[in-house]
Each structure stands twice: as C-alpha cells, then as structure tokens.
Amino acid sequence: MTQHIEGKLILNDEAIAIVVSRFNDLVTNRLLDGALDTLRRHGADDSKITVVKVPGAFEIPLAAERIATSKKFAAVICLGAVIAGQTTHDQYINQQVAAGIARASQISGVPVLFGVLTCQNMEQAIDRAGGKAGNKGNEAALAAIEMVNVLRQIS
Ligand code: INI
C-alpha cells in the first residue's frame, strides 16, 4: 500500500523563531502580525515564539543561519519587504536573501521559511501583507508548521 506523509498543521511545544526586517516596517509589521496569528491559531504558545528584528532584508540570512544552526528552534520564519526603486539595488538584495535563506535551511537541517516580499511598489507589498492578495506572513508560518511535522515523520 502506498504510504503518504503529510505534515499536520498543528504545533505542540516546538520553539519557533521569526526573523523580521525593520526596513519598510509598515509592511513587515503586518507580515509579523500575520505570522504570529497563524502560529497562535495552530497551537503555539507565546512563550515558545521568539521574534528577532534586523535592519533590512539583506541582514536576514545571517541572523536566520545563526538561529537555525543553534538548533534551539524547530523552524525559522523570515519576513521582509524589498520594494524596487529607481535602481537595480533591490535585485542584488533579493538574490542574496533568497539564496541565503535556502543555504541557512540546508546547512542547518532546520526549516527556514521565505516570507520576504519582492515587489515593484508599495501597493503590491500592502496587498500581500494582509491586503487583497493575502498575507505572506501567514503563508510562511503555515509552511513552517507543515515542515516541522513533515520532518518529524521522515527523520
Ligand atoms: N532593505 C529592505 O528590507 N527592503 C528594501 O526595499 C530595501 N531597499 O530597497 O533598499 C532594503 N535595503 C536595505 C538593505 O536590506 C540593508 O539593510 C542595507 O543595505 C545594509 O546592509
């Protein structure tokens, strides 16, 4: 018989870290609210959630890697908002952030979730931080919970 493994969307006593950047905090605070709401509604106690603030999205990977390799947390949720300006600055940040978050996950073996918005303008970002296109913070938190439970079953 085929065996299917799926992660339940429930947290028990796992410690979860959230790394959130302060740049564009109008947006990132909403992502944080979304992530916290999802964690709480899926069983997390506030005492098990640690929020780490960093200056900008570019600083997220280093903090995430340090936290993930500490092995004190079952998952690390990364939240940020990179919004394009008149130069290509945002592209350099986006590439490094995405690659750095993936690397943090792979070298630590801990789920490190990519909840970083990469938008053309502020309107797109607001839409994705609790507006008409949902909330990436909620999505990243949900993915974290699912991965924690999948990894428990396959390890
Ligand atoms: N950081 C962001 O999180 N979002 C942005 O849109 C952004 N832009 O556009 O410049 C941004 N820049 C700061 C960067 O992340 C670093 O904090 C800074 O370069 C210092 O290393």
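Preceding this paragraph is the structure being described.
Since the model is a prediction, treat every value here as computed from it, not as a measurement.

Conventions and cut-offs
- Residues numbered from 1 in each chain as written.
- Predicted model: local features only at pLDDT ≥ 70, side-chain atom pairs only at ≥ 80, totals over all residues.
- Heavy atoms only, no water.
- Helix = DSSP H or I, 4+ residues; strand = E, 2+ residues; numbered from the N terminus.
- Rg over C-alpha atoms; globule rule 2.2 N^0.38 Å.
- Buried < 20%, exposed > 50% of the residue type's maximum accessible area, 1.4 Å probe, protein only.
- Contact = heavy atoms within 4.5 Å.
- Areas by Shrake-Rupley, 256 points an atom, 1.4 Å probe, with all protein chains shown as cover.
- Lys, Arg positive; Asp, Glu negative; His and termini not counted.
- Charge placed at Lys NZ, Arg CZ, Asp CG, Glu CD.
- Near = heavy atom within 4 Å.
- Polar contact = N/O pair within 3.5 Å; in protein donor to acceptor, adjacent residues only side chain to side chain.
- 1 Å grid on protein atoms, 1.4 Å probe; cavity = no way out; pocket = protein on both sides within 12 Å on 5 of 7 lines; lining within 4 Å.
- Sits in = over half its atoms within 2 Å of the grid points.
- Nonpolar A, V, L, I, M, F, W, Y, C, P; charged D, E, K, R; others polar.
- Axes fitted to C-alpha atoms, helices over the stretch in contact; angles between N-to-C directions.
- Parallel < 35°, antiparallel > 145°, perpendicular 65-115°, else oblique.
- Pairing = 2+ DSSP bridges.
- Core = buried A, V, L, I, M, F, W, Y, C linked by side-chain atoms within 4.5 Å.
- Points joined across faces, edges and corners; volume = space filled by probe spheres on them.

Trainee: Help me out: how do you make sense of the overall build of the chain in this one?
Mentor: If you tally the helices and strands in the chain, you get five helices and six strands. Of the regular secondary structure in the chain, the N- to C-terminal order runs β-α-β-α-β-α-β-α-β-β-α. A compact globule built from 155 residues should have a C-alpha radius of gyration of about 15 Å, and the chain, at 15 Å, falls within 12% of that. Taking all 155 residues of the chain together, 45% fall into the buried category. Pairs at least 24 residues apart make up 78% of the contacts formed inside the chain by residues separated by at least 6 positions. Surface accessibility of the chain: about 8500 Å² in total, with carbon and sulfur atoms responsible for 51%. Charge separation in the chain, taken as the distance between the mean sites of 15 positive and 15 negative side-chain charges, equals 4 Å.

Trainee: What is the right way to look at the environment of Gly 7 in this model?
Mentor: As for its position among the elements, Gly 7 is in the segment before β1 (16-21). Between the alpha carbons of Gly 7 and Ala 144 there is a distance of 9.9 Å; along the sequence they are 137 residues apart.

Trainee: How should the site of the ligand be read in this particular structure?
Mentor: Every residue close to the ligand is listed here: Phe 23, Asn 24, Gly 56, Ala 57, Phe 58, Glu 59, Ala 81, Val 82, Ile 83, His 89 and Ile 93. Glu 59 has a polar side-chain atom sitting 2.5 Å from an oxygen atom of the ligand. Expressed as a share of its isolated accessible area of 460 Å², the protein-covered part of the ligand is 74%. With respect to the pocket detection grid, the ligand is positioned in the largest pocket. Elements that contribute at least two residues to the shell around the ligand include exactly β3 (75-83) and α3 (89-108). Here the shell around the ligand gets three residues from one element, more than from any other, and that element is β3. Tallied by class, the residues present in the shell around the ligand amount to seven nonpolar, three polar and one charged.

Trainee: What am I meant to see in the packing of helix α2 (residues 60-70) against α3 here?
Mentor: Helix packing for two helices is described by the angle between their axes and how far apart those axes are. In the contact formed by α2 and α3, the axes pass within 9 Å of each other and the chain directions differ by 10 degrees. Our classification of the angle between α2 and α3 gives roughly parallel. Along its contact with α2, which presents Ile 60, Pro 61, Ala 64, Glu 65, Ala 68 and Thr 69, the element α3 presents Gln 96, Val 97, Gly 100, Ile 101, Arg 103, Ala 104, Ile 107 and Ser 108.

Trainee: For this particular structure, what's the right way to read the sheet that holds β1?
Mentor: Across a sheet, strands are paired by hydrogen bonds formed along the backbone, either parallel or antiparallel in direction. Ordered in space as β2-β1-β3-β4, the four strands form an open sheet in which the pairing is parallel. Of all the strands in the sheet, just β2 (49-54) and β4 (112-119) have a single pairing partner and so form its edges. Sheet twist, expressed as the average angle between the axes of neighbouring strands with direction ignored, equals 15 degrees. As judged from the eight bridges shared by β3 and β4, these two strands associate in the parallel manner.

Trainee: Sorry, what's going on with the nonpolar core here?
Mentor: If you look at the biggest cluster of nonpolar residues, it comprises 26 residues, and the most contacted ones within it are Ile 18, Val 27, Leu 39, Ile 77, Leu 79 and Leu 117. Among the elements of the structure, β1, α1 (25-41), β3, β4 and α5 (136-154) are those that each provide at least two residues to this core. No other element matches the six residues that α1 contributes to this core. Ranked by size, the runner-up nonpolar core spans 20 residues in total, among them Val 54, Val 97, Ile 101 and Val 116.

Trainee: How should the layout of surface pockets be read in this particular structure?
Mentor: Here the idea is plain: a probe the size of a water molecule rolls over the atoms and shows the empty space left. There is about 180 Å³ of room inside the largest pocket. Forming the walls of the largest pocket are 13 residues, and the residues nearest its centre are Phe 23, Ala 81, Val 82, His 89 and Ile 93. Among the secondary structure elements, those contributing two or more residues to the lining of the largest pocket are β3 and α3.

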